[in-house]
Amino acid sequence: MAKILISPSRYVQGSGEMKKLGTYAAGYGKKALILISQGGYKRIGDLIEKSFDGVECEPEFDYFNGECSRTEINRLSALMKEKGCDMVIGVGGGKIFDTAKAVAFYNGTPVVICPTIASTDAPCSALSVIYTDGGVFEEYLFLPANPNLVMMDTDIIAKSPVRLTVAGMGDALATYFEARACKQSGAVSCAGGKTTGAAMALAELCFNTLMEEGVKAKTALEAGACTEAVDKIIEANTLLSGIGFESAGLAGAHAIHNGMTVLEECHDMYHGEKVAFGTIAQLVLENVPLEELEEVIEFCIEVGLPVTWEQLGAKDITDDQIMEVAKAACAETDTLHNMPFEVTPETTFAALKAADAYGRYYLE
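Everything numeric here is computed off the predicted structure, so don't read it as measured data.

Basis of the calculations
- Residues numbered from 1 in each chain as written.
- Predicted model: local features only at pLDDT ≥ 70, side-chain atom pairs only at ≥ 80, totals over all residues.
- Heavy atoms only, no water.
- Buried < 20%, exposed > 50% of the residue type's maximum accessible area, 1.4 Å probe, protein only.
- Helix = DSSP H or I, 4+ residues; strand = E, 2+ residues; numbered from the N terminus.
- Right-handed = clockwise from strand over helix to strand, strands pointing away.
- Pairing = 2+ DSSP bridges.
- Salt bridge = Lys/Arg side-chain N within 4 Å of Asp/Glu carboxyl O.
- Phe/Tyr/Trp six-rings, centres within 6.5 Å; stacked < 30°, edge-to-face > 60°.
- Lys NZ or Arg CZ within 6 Å of the ring centre and 35° of its normal.
- Contact = heavy atoms within 4.5 Å.
- 1 Å grid on protein atoms, 1.4 Å probe; cavity = no way out; pocket = protein on both sides within 12 Å on 5 of 7 lines; lining within 4 Å.
- Points joined across faces, edges and corners; volume = space filled by probe spheres on them.
- Nonpolar A, V, L, I, M, F, W, Y, C, P; charged D, E, K, R; others polar.
- Patch = residues over 30% accessible without salt bridge, like charges linked within 9 Å, V, L, I, M, F, W, Y side chains within 5 Å.
- Areas by Shrake-Rupley, 256 points an atom, 1.4 Å probe, with all protein chains shown as cover.
- Lys, Arg positive; Asp, Glu negative; His and termini not counted.
- Charge placed at Lys NZ, Arg CZ, Asp CG, Glu CD.
- Axes fitted to C-alpha atoms, helices over the stretch in contact; angles between N-to-C directions.
- Parallel < 35°, antiparallel > 145°, perpendicular 65-115°, else oblique.
- Left-handed = near helix turned anticlockwise from the far one by under 90°.

Notes on the pairing of strand β5 (residues 111-115)
Inference 1: Most of β5 sits inside the fold, with 5 of its 5 residues counted as buried.
Inference 2: For the handedness criterion, the β-α-β arrangement of strand β4 (residues 87-92), helix α4 (residues 94-107) and β5 is classed as right-handed.
Inference 3: Sheet topology places β5 next to strand β8 (residues 149-153); 2 bridges connect them, and they run parallel. Across the sheet, Ile113 pairs through a bridge with Val150, a residue of β8.

Looking at the pattern of salt bridges
Inference 1: Enumeration over the complete set of coordinates arrives at 15 salt bridges.
Inference 2: Note that Glu273 is salt-bridged to Arg163, the shortest N-O span being 2.7 Å. Taken together, the residues span a long stretch of sequence, with Glu273 in helix α10 (residues 271-286) and Arg163 in helix α6 (residues 162-185) at a distance of 110 residues.
Inference 3: The class for Glu273 is buried, based on a relative accessible area of 5%.
Inference 4: Judged by its relative accessible area of 39%, Arg163 is partly exposed.
Inference 5: One salt-bridge network, in which partners are shared between bridges, spans Asp62, Glu72 and Arg75.

A closer look at the packing of aromatic side chains
Inference 1: This model, assessed by the stated rule, comprises 11 aromatic pairs.
Inference 2: Both rings, one in Phe177 and one in Phe207, keep their centres 5.1 Å apart while their planes meet at 75°; by these two values the pair is edge-to-face. Remark: Phe207 occurs in helix α7 (residues 197-222) and Phe177 occurs in helix α6; sequence separation between them is 30 residues. Each member of the pair Phe177 and Phe207 is classed as buried.
Inference 3: Members of the aromatic cluster, each reached through a chain of ring pairs, are Tyr131, Phe137, Tyr140 and Phe142.
Inference 4: The ring centre of Tyr131 lies 4.2 Å from the NZ or CZ of Lys95, which sits over that ring.

Brief notes about the environment of Ala126
Inference 1: Its location among the elements puts Ala126 in the loop between β5 and β6 (127-131).
Inference 2: In this structure the C-alpha to C-alpha distance between Ala126 and Ala145, which are 19 residues apart in sequence, comes to 5.4 Å.

A word on the side chain of Asp62
Inference 1: For Asp62, the position within the fold is in strand β3 (residues 58-63).
Inference 2: Looking at Asp62, the relative accessible area reads 17%, which means it is buried.
Inference 3: Leave out the neighbours within four places in its chain, and Asp62 touches Leu33, Ile34, Leu35, Ile36, Arg75, Leu76 and Leu79.

Here's the deal with the layout of surface pockets
Inference 1: If you add up the space inside the second largest pocket, you get close to 240 Å³.
Inference 2: Around the second largest pocket, the lining comprises 21 residues; the ones closest to its centre are Phe137, Tyr140, Thr333, Asp334 and Thr335.
Inference 3: Only β7 (137-142) and α9 (252-260) provide two or more residues apiece to the lining of the second largest pocket.
Inference 4: Tallying contributions element by element places β7 first for the lining of the second largest pocket, with 5 residues.
Inference 5: Class assignment of the residues belonging to the lining of the second largest pocket gives a composition of 10 nonpolar, 8 polar and 3 charged.

Concerning a negative patch on the surface
Inference 1: Judged by side-chain charge, Glu264, Glu265, Glu310 and Asp316 come together as a negatively charged surface patch.
Inference 2: Structurally, Asp316 is set in the loop between α11 (290-303) and α12 (319-329).
Inference 3: On the basis of relative accessible area, Asp316 is assigned to the exposed category, the value being 66%.

Considering the packing of α12 against helix α13 (residues 345-363)
Inference 1: Relative orientation of the contacting elements α12 and α13 amounts to 120°, with a least axis distance of 8 Å. Between α12 and α13, the angle is such that the two are oblique. α12 and α13 meet at a crossing whose hand is right-handed. Counted together, Asp319, Ile322, Met323, Val325, Ala326 and Lys327 of α12 and Pro345, Glu346, Thr348, Phe349, Leu352 and Lys353 of α13 form the full contact between these two elements.
Inference 2: Taken together, the residues of the contact of α12 with α13 sort by class into 7 nonpolar, 1 polar and 4 charged.

Nothing here speaks to function; it is geometry throughout.
Next comes the structure, spelled out in structure tokens:
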């Protein structure tokens, strides 16, 4: 099987880039459906509208309903046809991106992704994660192409809640470890091939950037400063993690995240926060050296990522609930089976129990 690496056609990251959105959009179509939250529109709607002044592309705004579900995708696809839009722009966070990408796919149009946060590695991928209307993981929708453009305005992202960027670090934290597992097992990546050396190098750079810049970036963001460390973390959370996970592969951490969606207690936690705990559980499954496990847990504690069930909102979780998570994570179609050894609900249950125990130990 061939090695494959895929990526967005164009990635732009810098200060004030949202002011150029209309100019960028005009290169892809004449009328853009802009999917945005109501809060997002209140914050930057005027800025986006102004960016379309004097360009040959018309914006058509619509508010996101809150879940990347088949219901929402179908609603927006009908709206695309009704309004005569020939491209989609997703502005906001991960579920908006996934919805925009799916709508563009089903309508055969270009898609531009404009994150206002750096909370996941979703922006760059040729993938949409589909949930039920109630927020339970349903399926991965693999797309034939990555976004035409991913545009990161660092000024806007630096003003977002610090917790969101930290959650992005949690999502990015899994990238190298899942890539390593997939390389060891020979698993097929999300790109449809074997892992390239380039993807592994980006995944490892992603991890090293988190370790070197993560605490500095969080501290700077809490002070309201967009520093070089913040810029590097935005790139790690988005581009390095995005290409790394997609072209090297997903394994235990994200499957465990998907299993955790069955717990209503965890629904208020961000994707990356759950992935961070899933990363610790994956490392327990692998029985990695103590030094590696300590480095990851201590990093999570230092930047504020959850390391226990209690921190995930499930203070009174039972063994039966943990087993339900383990069973869901071990679904036949999920990526836990990309690990380089057999994984069962029983071994996953044990890893989840131990991950929580280790988290409590290091918090003391």
